[in-house]
Amino acid sequence: MRYISTRGNAPALNFEDVLLAGLASDGGLYVPENLPRFTQEEIASWAGLPYHELAFRVMRPFVEGSISDTDFKQILEETYGAFAHSAVAPLRQLNANEWVMELFHGPTLAFKDFALQLLGRLLDHILLKRDERVVIIGATSGDTGSAAIEGCRRCENVDIFILHPHQRVSEVQRRQMTTILGENIHNIAIEGNFDDCQEMVKASFADQSFLKGTRLVAVNSINWARIMAQIGYYFHAALQLGAPARSVAFSVPTGNFGDIFAGYLARNMGLPVSQLVVATNRNDILHRFMSGNQYFKETLHASLSPSMDIMVSSNFERLLFDLHGRNGVALAELMSTFKATGKLSVEEDRWVEARKLFDSLAVSDEDTCATIADVFKRTGEVLDPHTAIGVKAARECRRNLSTPMVVLGTAHPVKFPDAVEKAGIGKALELPAHLSDLFQREERCTVLPNAIEAVQAFVAQHGNRGRPL
């Protein structure tokens, strides 16, 4: 399997090199040169497989030539064997032909565990083989940071630096990051918003001279392995609901477009997906594109669903690449225009093509709370605010009531007590046993100004287990 850049001016790489590269040298994102496609018979034969075995069949083509089948099977079994629920991603029915797929049974209670628990093990495997040490710099709006730290905390050859917007993540999210202590773990609170953090990460990849020769690795969803790992649970849900004999629809709470892009890939690999609903909050750049072909920056607003408080969706470039016939030159020109003007639109026929599969909805905080309250009243289930947005969008945008609709349950509600409290359901939430002492644990975090020079100086000073790079 070879991978190419969306901007067409970077060398093609194998999986091992893509895992370590993150962003392409031309500023683009790596995607498979050719997407594997499974027959309906193949997909049908996977029904009833344990999650790790299904994941192996879905992901094997992406790592072929870089990781042996034996090693990859073991990595996947260890990754998903650590989840708290034996089904790994269980489905819970809310309504007629409407389900939530619970993706929060990993160690940090968020869907990011599916990718980042795997990413840590993949890095360990490949860095050990190459006898190489790397630095990870990641930006988080809440969940990615804790999942990345948890996934990579035991990696012998990794120093990890996670940037989050100061005082703009929930207390549970912050403590899940800052209470994991280790010489190779560094939490940085930036006096800015998530997009500021993300821009610093991108700029650091573009010019890595401050690292003095050490390689920088991405854990954000710009890293292809993150997308790859999320494809599996679309197959998992669809098979339980009758695929491939029947099609399935998905509603996906998304800010960075990575999770829903994995569903788009699953469809292109042969899974019968009839509809993908982009569910977002008032920071609605994706909804503005899907509903009106207008993709432009606006002021970032804090919301009750902070993991989607994102102004620019990094992974959207991967979809734009396909909409432009995988023409890297055309895509590079489009992204250059966006960088210069802060906005873009595509030709009408390309937008119409996207709308054949995608619908979207932006959901207010008030409607988020109302949905949490309604679902609790009718089912006794408590939703986190992101999942509630997914439910609201699914119900508003659903095209066919006879098609099963699966909402991706992206986080455990205990991570967002403010939203649950504002919904007025009158139910106290308790942390799972392995996090029961979270509020008593020591925290370690450094607050830095919104300046890339300060961040890069900190990384250079504290990398290599405290020995300056």
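Just above sits the structure.
Residues numbered from 1 in each chain as written. Predicted model: local features only at pLDDT ≥ 70, side-chain atom pairs only at ≥ 80, totals over all residues. Heavy atoms only, no water.

(A) Fine view of the nonpolar core. Judged by nonpolar contacts, the single largest core of 112 residues is most densely connected at Phe 15, Tyr 80, Leu 122, Phe 235, Phe 250, Phe 257 and Phe 358. Ranked by residues supplied to this core, first place goes to helix H9 (residues 224-240) with 12 residues. Discounting chain neighbours no more than four positions away, the residues touching Phe 235 are Phe 38, Ile 43, Trp 46, Leu 54, Val 58, Ala 266, Met 269 and Leu 271. Of all hydrophobic cores here, the second largest spans 26 residues; its members include Cys 397, Val 407, Val 420 and Ala 423. (Core = buried A, V, L, I, M, F, W, Y, C linked by side-chain atoms within 4.5 Å. Buried < 20%, exposed > 50% of the residue type's maximum accessible area, 1.4 Å probe, protein only. Helix = DSSP H or I, 4+ residues; strand = E, 2+ residues; numbered from the N terminus. Contact = heavy atoms within 4.5 Å.)

(B) Quick look at the pattern of salt bridges. Across all of its chains, the model carries 29 salt bridges by this definition. Arg 215 is the partner of Glu 132 in a salt bridge, and the nearest nitrogen-oxygen pair spans 2.7 Å. Pair noted here: Glu 132 is in the loop between helix H5 (112-130) and strand S5 (134-139) and Arg 215 is in strand S8 (residues 215-217), with a separation of 83 residues, a long-range link. On the basis of relative accessibility, which here comes to 26%, the residue Arg 215 falls in the partly exposed class. (Salt bridge = Lys/Arg side-chain N within 4 Å of Asp/Glu carboxyl O.)

(C) Structural context of the sheet that holds strand S15 (residues 446-448). If you walk across this open sheet you meet the five strands as S8-S5-S6-S7-S15, and the pairing is parallel. Each having just a single partner strand, S8 and S15 make up the two edges of the open sheet. Going across the sheet, the axis of each strand differs from the next one's by a mean of 30 degrees, ignoring polarity. Strand direction decides the pairing type here: strand S6 (residues 158-165) and strand S7 (residues 185-190), joined by six bridges, are parallel. The residue bridging His 164 from the neighbouring strand is Ala 189, located in S7. Against the sheet, helix H8 (residues 194-206) contacts S5, S6, S7 and S8, and its axis sits at roughly 150 degrees relative to S5. (Pairing = 2+ DSSP bridges. Axes fitted to C-alpha atoms, helices over the stretch in contact; angles between N-to-C directions.)

(D) Representation of the environment of Ile 43 within the structure. Its place among the elements puts Ile 43 in helix H2 (residues 40-45). Taking the C-alpha atoms as reference, Ile 43 lies 27 Å from Asn 315; in sequence the two are 272 residues apart. Beyond its immediate chain neighbours, meaning those up to four positions away, Ile 43 contacts Phe 38, Phe 235, Leu 239, Pro 244, Gly 270 and Leu 271.

(E) Focus on the side chain of Gln 456. Note that Gln 456 resides in helix H18 (residues 452-462). Polar side-chain contacts of Gln 456 include one of 3.2 Å to the side chain of Ser 204. (Polar contact = N/O pair within 3.5 Å; in protein donor to acceptor, adjacent residues only side chain to side chain.)

(F) Looking closely at the packing of helix H4 (residues 69-81) against H5. For the pair H4 and H5, the least separation of the axes is 9 Å and the interaxial angle reads 140 degrees. It follows that H4 is oblique to H5 by the angle criterion. For H4 against H5, the interelement crossing comes out right-handed. Here Asp 71, Phe 72, Ile 75, Leu 76, Glu 78, Thr 79 and Tyr 80 of H4 lie close against H5, whose contacting residues are Phe 114, Gln 117, Leu 118, Arg 121, Leu 122 and His 125. The class makeup of the residues in the contact of H4 with H5 is seven nonpolar, three polar and three charged. (Parallel < 35°, antiparallel > 145°, perpendicular 65-115°, else oblique. Left-handed = near helix turned anticlockwise from the far one by under 90°. Nonpolar A, V, L, I, M, F, W, Y, C, P; charged D, E, K, R; others polar.)

(G) Structural detail: H9. Of all 17 residues in H9, 16 are buried, a share of seventy percent or more. For H9, the N-terminal cap is Asn 223; the gap from its side-chain oxygen to the backbone nitrogen of Ala 225 is 3.0 Å. Positive backbone phi, at 105 degrees, marks Gly 242, one or two positions downstream of H9.

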